[in-house]
Amino acid sequence: MSPSPSTTAHSLPPAGAWTRKDLVGIENLSPQEITLLLDTAAAFKEVGTREIKKVPALRGKTLVNFFVEASTRTRTSFELAAFRLSADVVNISASGSSLSKGETLKDTAKNLEALHADMIVLRHSSAGASQFLAERLQSSIINAGDGAHEHPTQALLDTFTIREKLGRIQGLHVAIVGDILFSRVARSNIHALLKLGARVTLVGPSTLVPRTFEKLGVTVTHDLQSVLAEADVFNLLRIQHERQRKEYFPSLGEYTALFGLTKARAEQLKPSALIMHPGPINRGVEIDSDIADSSRSVILDQVTNGLAVRMAVLYLCSTAAHHKHPSPSQP
Ligand code: CP
């Protein structure tokens, strides 16, 4: 049985409104569900300020961190989030697993479930991999990034950070700059920000920011200068060389000249504007090194908030899965 919220963290909002055993994306969430995730993360952030940074919410549960693609921030923070919730954690990577011997993703995941994995956190290069498993397993599936499709916990930690720093999302103007075409971070952020009432402008070369994105309800521009003094938030994205099969711009130097956040450009921003980046940063390409390390950058706050957000996701999905699939020993 799940411990009552009062034994886990102060001021947790009621989890009853959350009914999903999985988190595969932001696109299908309601604004109320996103707000519940952010409010739950705010309550869990307090746990990180305690001397003993641990609560018993997921005691007896097992989480498998299954990362078929590389990760520093997401994998580590899911592992720490599970530790802080008192879950047991196992880490698996592609090279050390039987995926490298030809076992299918479904067979691998079914075997993890047979080992009583209550939750599987999956990062995979194929769009839809998490949805595929969520439809076939009783275990909770949490998407830690699937191809260029979605990275829901990144969008949640980004919106959490904006709300924490600026007090709201509604009515803000957020510029997302860079390689949008290949970015799961951009897609999840667009969905979250629009659902919470922000205005979104996508900025970058026409090859990486095609006008077709306007169908989502965002503005597209290929002129960074046009938004410098306007936007409340600049979220700078890395060029995703690993997903590009051809050159989308002449050179990195030219990209930086047109779309990099240089010192000169940073001086034109609103004094209150936030500078964000999901990491990993390519210093000197999408952002000047001094700007990345400046007091107006919230890049490391994003990383810190990722821990509380991932605690909230694990807690809510685990609670919903528990109610949907009560253990046989229960009356
Ligand atoms: N932002 C992000 O997903 O970073 P990692 O690839 O290091 O997890």
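Residues numbered from 1 in each chain as written. Predicted model: local features only at pLDDT ≥ 70, side-chain atom pairs only at ≥ 80, totals over all residues. Heavy atoms only, no water.

## Quick notes on the overall build of the protein
And then number 1: Per the secondary structure count, the protein includes eleven helices and nine strands.
And then number 2: In terms of C-alpha radius of gyration, the protein reaches 20 Å, essentially the compact-globule figure of 20 Å for 331 residues.
And then number 3: Looking at the 331 residues of the protein, the share that counts as buried comes to 54%.
And then number 4: Within the protein, contacts between residues separated by at least 24 positions form 75% of all contacts whose residues are at least 6 apart in sequence.
And then number 5: Approximately 14100 Å² of the protein is accessible, and the part contributed by carbon and sulfur atoms is 53%.
And then number 6: The distance from the centre of the 36 positive side-chain charges to the centre of the 32 negative ones in the protein is 3 Å. (Helix = DSSP H or I, 4+ residues; strand = E, 2+ residues; numbered from the N terminus. Rg over C-alpha atoms; globule rule 2.2 N^0.38 Å. Buried < 20%, exposed > 50% of the residue type's maximum accessible area, 1.4 Å probe, protein only. Contact = heavy atoms within 4.5 Å. Areas by Shrake-Rupley, 256 points an atom, 1.4 Å probe, with all protein chains shown as cover. Lys, Arg positive; Asp, Glu negative; His and termini not counted. Charge placed at Lys NZ, Arg CZ, Asp CG, Glu CD.)

## A closer look at the confidence of the model for the protein
And then number 1: In the predicted model, the protein carries a mean pLDDT of 92, and 92% of its residues have values of at least 70.
And then number 2: Scored below 50 in pLDDT, residues 1-7 makes eight contacts in the model with residues more than four places away or belonging to other chains.
And then number 3: Confidence drops under a pLDDT of 50 for residues 325-331, and excluding neighbours within four residues, the segment shows three contacts in the predicted structure. (pLDDT = per-residue confidence, 0-100.)

## Description of the site of the ligand
And then number 1: Around the ligand lies a shell formed by Ser71, Thr72, Arg73, Thr74, Arg123, His151, Gln154, Pro278 and Gly279.
And then number 2: Within the complex, the protein chains bury 91% of what would otherwise be the 260 Å² of accessible surface of the ligand.
And then number 3: Residues belonging to the shell around the ligand are distributed by class as follows: one nonpolar, six polar and two charged. (Near = heavy atom within 4 Å. Nonpolar A, V, L, I, M, F, W, Y, C, P; charged D, E, K, R; others polar.)

## Quick notes on the sheet that holds strand β8 (residues 233-236)
And then number 1: Strand order across the open sheet formed by five strands is β7-β6-β5-β8-β9, with parallel pairing between neighbours. Every other strand in the sheet has two partners, leaving β7 (219-221) and β9 (274-276) as the edge strands with one partner each. With direction set aside, neighbouring strand axes in the sheet form an average angle of 20°.
And then number 2: One ladder, built from three bridges, connects β8 with β9; its direction is parallel. In the strand pairing of β9, Asn235 is matched with Met276.
And then number 3: With respect to the sheet, helix α5 (residues 152-166) is in contact with β5 (173-177), β8 and β9, its orientation differing from that of β9 by roughly 160°. (Pairing = 2+ DSSP bridges. Axes fitted to C-alpha atoms, helices over the stretch in contact; angles between N-to-C directions.)

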